[in-house]
Structures are given as structure tokens and as C-alpha cells.
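Read off the chains here:
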Amino acid sequence: MTETKQTVSRRSFVGGVAAFGFACSALGQLCGCAGGAPKKDEKGGKEKASGSGLQKVVIVYPQSAKSFDPVNRWDGWFTERNGLTETLATFDKQMNIIPLLATEWKNIDPLKWEFTLRKGVKFQSGKEVDAQAVKKSIERALAKNPQGPKKSKLAGVEAQGSDKIIFTTSKPVATFPGEIAEPLFGIVDVDVVDKDPSHSGTGPYMGDNVSSLETFTLKANENYWQGKPAIPTVEVRHVADASARAMGIKSGEAHVAANLAAIDLKTMKADKKYTVLQTESVRTVLMFCNNKGELLKDPALRKAMSLATDRKTLCENLLGGNLAPNATPFPNYLSYTKAVSSKADKFDVEKAKKILKDAGYADSDGDGILEKDGKKLEFTLAYYSSRAELVSLAPALQDAYKKIGIAIKPQLFENVDTIFYSGNFDLILYNTTALGNGDPTYFMNLYLNSKGSENAGKYANPKVDEIIERMNSEFDQKRRFAMAQDVLSMLIEDCPNVYIGNPVINVVEAKGVQGYKLLPVDYQGVTHELR
């Protein structure tokens, strides 16, 4: 076994079904189957890949997209991860923002940013990627995905000559290069994307057989600007069950498997046939609480559940270290998280019981479930199977909260989007990105702002909203991070949701395969370096 740990630097951090018959019979559930000086690019020319001799690499993922169009909700994450689309800027392993389709950028004034485009890049359609094409692509993203204008605050896009783009924002956006690195801003040929999205990007791979989103094949883009990919064909399969993904790579039917369970990782780390890639991610696993619920609107109840959550045991024992325990959304090593660590909720069942008692909850009928004003503390807990840790956490939390008089009924969903966005839920276990732009404002704008599009639990604190708004236009990182500390302090006090930990994400490569790109933020994956 070769184990590669791609750990985030603390200092530099800114901020197919039929083929898997073996698994189907065993498991029966395989699903289809910065301001100032410009940032400069130091590497120019094309790389010549030396391949391993494989003609096709099969990759199994726990999730699938709903389309091949990067502007469709979160589908850009999948198109970029599968090597179809690319953005102007991206991130490295330390979450520094680095050039991609742009070679440099600079902040002209508080509302204007100038990006210089890389020359010699072509769309998979054969069309040149110039300033006008990029302008049209960004404008399409702004028009079709509400996340675009909300996060970037873009008010105008101007093409200057063939290689300059001027972005104008309605308000100062200190983190703009990180915002434009969001996969929904993947650059596409607008004349092609609506009718043939898998041939509209600039990435190293493009559509081959894409009639299904559950299992599809991609072919190498021979005109890719960084050089022709070594692997001619990539096959992508959606396999929701983690054990089935592990079976796929063990049987030799898959070459790369993402997000395997701890028990399978343990055996593969000891086997020379596999390379295990791991990195501490900038994602968070949390339990959303419906802050508008008749009972869950009570912060005392939410606080009691947080205190009754034994994060260390859950993360280290139950999940085998695949989750780093954390009672806040952001990784523990970040300055603003460290600053509030002494305030963050610690496991304390007796304190949880006292909080509930002091708030007037009692077990009047002796059935072990607390009630108040005739209403029992009984809640449903929604979760989904494509994230392996959620499947283990749901029953564990059910047991934990029973000890403090709260009855939990886990409910498994193939997709929780409907109830997530409708607000028709009690509790939802969820896994999401906390630092998608390399900065805490990413999560705060989406999940903590009272008007945030992903604020499923309807948390609202005017003081938090006001601080987040100031953070968005604060170009001084130290001051922005100090404000992030203030928000976290209020978050700990209000306890709108129960934070459990930050995933340690993983990918396993079979012997002879290398080059899958695993980053703390899971934007990339399939690149021209896969071989």
C-alpha cells in the first residue's frame, strides 16, 4: 500500500450499475449501478503525459449530477471534478487561489477586478476562448444560477480586447477571486452548452456516451491546452453505497473509488495493491435543526442536543477517524476557530439534562421521553446514503439523544433536497462545504445569513447578518477573520444547528493508476495527469 496524506498547511491556508452485478446481488442497491499586485502563473507550456498503458479508467462516486451544465444548481462541482469544465481561478492543496484559465488578476478599485486570460485555450467545440466568450459564459451563469449574483455581487462584465475581462461588483467583494473559482462559473461555449453541454467546456475530457448520468463515458480532449490526457477514456459510475464502491475497486472493475468507509480504508492501507489519498477537508458534517419548529425553536433544546453529542467517540471510534471532531463549521486549525475553542460545546450529558430540566421539560408519564405543554420531544432525523458517515451517525445520534429524553426517528432519503428547501423537516444530517472560496464568508453567506439560500433551518440573528455583510467588503484579512470569530461566538451561543466534525476525505487508486487530484475542497479530481 502507498498512502498519501495531502494535509492542509496550517500556515498557508487562506482562509455503472450493470457492470457491478457482484454488488447488486450482495447489496441490492447500486444506483445505476487578492488586492494589489496581480497573481501570476509560473508554469506555461504543455505537459506531455506518460501513460500507464490503460485505455480506460473506471471511477465510482457516491453522488451524481442532474446534468452536464455547470450552471444547474451544484452540477458545476461534478463537471469540474470529472474534467469537463474549468474556471478562471482555482485552488491548490493549501487552498491558495491560483491561476487556471486566467493567468493573473488585480483589484483596480474596491468595485473592479481585471483578469487576464490565458492564450491558446480552446473549447471542446474547437472555438477559441477569448474575452467575449468568457464574458458570455459568466453572464449566462449569473442569469441561470441565483448563487452566482448572490455570492459574487457581480453587476457587470466587460471584455477588453481579446484577453482582458473587467468585473464590476455592486459592493466591494474582498474574496472575489475565490468567488469566481466556484464551479458554477465554469467557462463554457454558450453557443453549444444548451444543446450539447458535455462538449462545451475547456477541460481535459468531454462527453462520449453520456445518455445516462448514472453511468457515462468521457473521451480525452486531444486539443487540451495542458496537453493530451494519457488515458483515452474515463468511465464514471454513480454507486451510492460505500461498501459497493469498495467492492468495485477490490474486484478490479473500478480503478478509482471515492469516499470509502473507514473499515475498507483500513484494509486497503495495508495492501500494496492500492494507493490511499486522504486530506483534511474544508467540509462540515452537521445536523440542521428547524429553528421555526414548534419545539426546536427553543435554543435550550438545541443546546442540550449539542452537549449530548459525543463528537470524539463518534468521529474517532464509530467513523474510524474519517471525521475530525468539531463543534463549529470550520476546521479546528484555523485562527478564528482556535479563538473560540474554549467556548465550543463539549460532551456533557448531565449539563444537557439540567438545561432541559431548567427549561421546563419533564417526563410526566414515565415513558423516558420528555415533554412540555403536552408535547413530547419526538423528532424525525432525515439523512441520505451517498455520504457514508451519515448512515453511521443517524442511529448513533438516536441512541445518544434517547439518554437525555429525546426520541429520534431516523428517515433515509435518496435525496433530501425537497425537504431541505421546503423547510418541512425536524432535523437533517448533512455534509457540505464550509470554505468554498477559501474564506469563512462562503459558509456564512449561504448557511448563517438569515437570507442565505442554504439556510434550511431558518436561523436568524440580525447581529450575525450585519457582521457578515461587513466581512464581505473587508479587504483586510486579519480584520475579516476577527469578525469571523465574533460570528462563531454568537453561533455557539445561539446553537442553531449541531456541528459534528470536518470530514477527512479519501480516494483510493488501484495499483498502476495515479494522478487523481484530491484537494481539501472537492472541486477537482479528473485531470490530464490521470494515468
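Per-chain numbering applies: the sequence of each chain, read as written, is numbered from 1 onward. Whole-chain, interface and lining totals are the exception, using all residues; otherwise, since this is a predicted model, local features are given only for residues with pLDDT of at least 70 and side-chain atom pairs are given and counted only at 80 or more. To obtain the side-chain values, all non-hydrogen atoms of the structure were used and water was disregarded.

## Structural notes on the pairing of strand β7 (residues 154-160)
For a regular strand, side-chain orientation follows a simple rule: the groups alternate between the two sheet faces. For two strands to be treated as a pair, DSSP must find at least two bridges joining them. Labels follow the DSSP assignment, with helices taken as runs of H or I lasting at least four residues and strands as runs of E lasting at least two, numbered in each case from the N terminus. Of the strand pairs in this sheet, β7 and strand β8 (residues 164-169) are connected by six bridges, and their pairing is antiparallel. Note on β8: the bridge partner recorded for G156 is T168. Between β7 and β8, which pair antiparallel in sequence order, lie three residues; one of them, G161, sits at a positive phi of approximately 65 degrees.

## Structural notes on the sheet that holds β7
By way of backbone hydrogen bonds, the strands of a sheet pair with one another, either parallel or antiparallel. Taken together, the four strands give an open sheet; going across it, the order is β5-β6-β8-β7, and neighbouring strands pair in antiparallel fashion. Strands at the two margins of the open sheet, each flanked by one partner only, are β5 (102-109) and β7. When the angles between neighbouring strand axes are averaged without regard to direction, this sheet yields 20 degrees. The strands touched by helix α3 (residues 131-144) are β6 (112-117), β7 and β8; relative to β7, the strand with the most contacts, the crossing angle is about 165 degrees. Simply put, an axis is a line fit to the C-alpha atoms, just over the touching stretch for a helix, and the angle between two N-to-C directions goes from 0 to 180 degrees. Throughout, a contact is declared for two residues whenever any of their heavy atoms are within 4.5 Å.

## Digging into the pattern of salt bridges
A side-chain nitrogen of Lys or Arg and a carboxyl oxygen of Asp or Glu constitute a salt bridge if their distance falls within 4 Å. Evaluation of the coordinates by the stated rule reveals 31 salt bridges. For E235, the salt bridge identified is with K56, shortest N-O distance 2.9 Å. One end of the pair, E235, is in strand β11 (residues 233-238); the other, K56, is in strand β2 (residues 56-61), and 179 residues separate them in sequence. Through salt bridges with shared partners, one network takes in R81, R283, R387 and D522.

## Details of the pairing of β5
As defined by bridge partners, β5 adjoins β6 across six bridges and the pair is classed as antiparallel. Residue pairing across strands places N107 opposite W113, the latter belonging to β6. Between β5 and β6, which follow one another and run antiparallel, lie two residues.

## Looking at the side chain of N506
Residue position: N506 is located in strand β21 (residues 497-510). Here a polar contact means two N or O atoms within 3.5 Å. Within protein one must be a hydrogen donor candidate and the other an acceptor candidate, and residues neighboring in sequence count only if both atoms are side-chain atoms. Only 2.8 Å separates the side chain of N506 from the backbone nitrogen of L260, close enough to count as a polar contact. Setting aside residues up to four positions removed in sequence, N506 forms contacts with A257, A258, N259, L260, L265, L277, Q278, N322 and L518.

## Details of unusual backbone geometry
Even without glycine at this site, M95 takes up a positive phi of about 65 degrees. The backbone phi angle of D373 is positive, close to 55 degrees, even though this residue is not glycine. With respect to the element layout, D373 can be found in the loop between β16 (371-372) and β17 (375-376).

It is worth stressing that arrangement in space is one thing and function is another; only the former is reported here.
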